[in-house]
Amino acid sequence: TENGPQPKKHRYVRKEGNCNVVFRHVPEEWLLFVTDIFTTLVEIRWRVMFLIFALSYILSWLFFGVLFWVIALAHGDIRDHTNDPCVYEVRSFTAAFLFSLETQTTIGYGFRGMSENCMIAIIIVTIQDVISCFIDTFVIGIVVAKMASARKRAQTVGFSNCAVINLHNGYLCLSWRVGDFRRNHLVEGTARAQIVRSTMHATGKVDVTYEDLVIQQRDLVLVTPTTIFHRMEPSSPLYKMSLMDLRKADFELVVSFTYTDDQTGMLHQTRTSYTPAEILWGQLFQDMIRVTRRSYRVDYAMFHHTAKVLVPEVSAEEYEL
């Protein structure tokens, strides 16, 4: 009912930028993860990745150790120590495992080695060396890709904790602030904003709608923190919204900033969202840039600070009239 208790609505996009969406009953989900195994390993946690890599090495050593032990057993090297062995000083399973480990890691202690008596053992050693190169290449590639992940760089570009509505150049404008916390600058970036509304029907069906907001200056070079403005004009979904309407509204403002890093050349995206309670009417972001004789100084302590200003509490449509 209209005046009854309303169920608590969860964010569509969390403040840190992660989407609050859980997928269920995906067809052939495990097959999709295995098919794109490289991306799967890049996205998993570090401890799980280290466990998988450690098991890949240990299991490969055990597998080839068993093969060398079977070869030595079939050739009679274990029973007859006077026989010309396939692999020198491999008379037990422990010795076969150590030989497999030394071969794959190219330790080469000089104690155990191949002989020319068994062609099958030579073929197994060759196969193990090739597989070892593949494992090393895969591990190094995954670690480098995970360390250079775009998500880590996205954490150094942030948005203000709240958005504000105030007068800008004679128009009611919705604005928020974005800044880069690292010293190396971004090559270029594009800002985007959407109004996301989710409607639940009596049948349980949920409709999610998206409305794009026109941003005055989308393309940015983020050298210093920048305030992004959306003018509440007739084409804006917020054009007929007053302060009272905003307090009763049920939507989510999802903003993003897509940019290229000048150090790595990689494409990144930082996201966040604002609920109506986080959109402050009649507030203005405080200045955080000071000009000195030698440079521009940016005080990030003022990044989230706002100050009250006089702003009409009517909608942009009523203000223009």
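As recorded in an unreviewed UniProt entry, the protein goes by the name Potassium inwardly rectifying channel subfamily J member 16a, listed as coming from Acanthochromis polyacanthus. Among the UniProt annotations of the protein, the heading Sequence similarities (unreviewed entry) holds the following wording: "Belongs to the inward rectifier-type potassium channel (TC 1.A.2.1) family."

Chemist: How should I be thinking about the state of the cysteines in this particular structure?
Modeler: Note: disulfide means a covalent bond formed between the sulfur atoms of two cysteine side chains. Throughout the structure, instances matching the rule amount to 1 disulfide. A sulfur-sulfur separation of 1.6 Å characterises the disulfide bridge that pairs Cys86 with Cys118. Its torsion about the S-S bond being -45°, the disulfide of Cys86 and Cys118 is classed as left-handed. One end of the pair, Cys86, is in the loop between helix H3 (46–75) and strand S1 (87–88); the other, Cys118, is in the loop between strand S2 (113–114) and helix H5 (119–147), with 32 residues separating them in the sequence. A relative accessible area of 7% means that Cys118 is categorised as buried. Cysteine Cys162 remains unbridged, with the sulfur of Cys173 as its closest cysteine sulfur at 16 Å.

Chemist: Help me understand the packing of aromatic side chains in this model?
Modeler: Any two aromatic rings considered together are summarised by their centre-to-centre distance and by the angle between their planes. Here the structure, examined in full by the defined rule, presents 8 aromatic pairs. Relative to Trp61, the ring of Tyr57 lies with its centre 6.2 Å away and its plane at 40°, an arrangement referred to as tilted. With a gap of 4 residues between them, Tyr57 and Trp61 both fall in helix H3, about one helical turn apart. Residue classification places Tyr57 among the partly exposed positions, given a relative accessible area of 21%. Judged by its relative accessible area of 15%, Trp61 falls in the buried class. Plain terms: the ring middles of Phe68 and Phe99 are 4.9 Å apart, the flat faces sit at 80° to each other, and that makes the pair edge-to-face. Note that Phe68 is positioned in helix H3 and Phe99 in helix H4 (residues 93–104), a separation of 31 residues in sequence. Phe99 sits in the buried class, given a relative accessible area of 4%.

What counts and how
- Residues numbered from 1 in each chain as written.
- Predicted model: local features only at pLDDT ≥ 70, side-chain atom pairs only at ≥ 80, totals over all residues.
- Heavy atoms only, no water.
- UniProt positions renumbered as here; feature names shortened; annotations may be inferred.
- Disulfide = S-S within 2.5 Å.
- Helix = DSSP H or I, 4+ residues; strand = E, 2+ residues; numbered from the N terminus.
- Buried < 20%, exposed > 50% of the residue type's maximum accessible area, 1.4 Å probe, protein only.
- Phe/Tyr/Trp six-rings, centres within 6.5 Å; stacked < 30°, edge-to-face > 60°.

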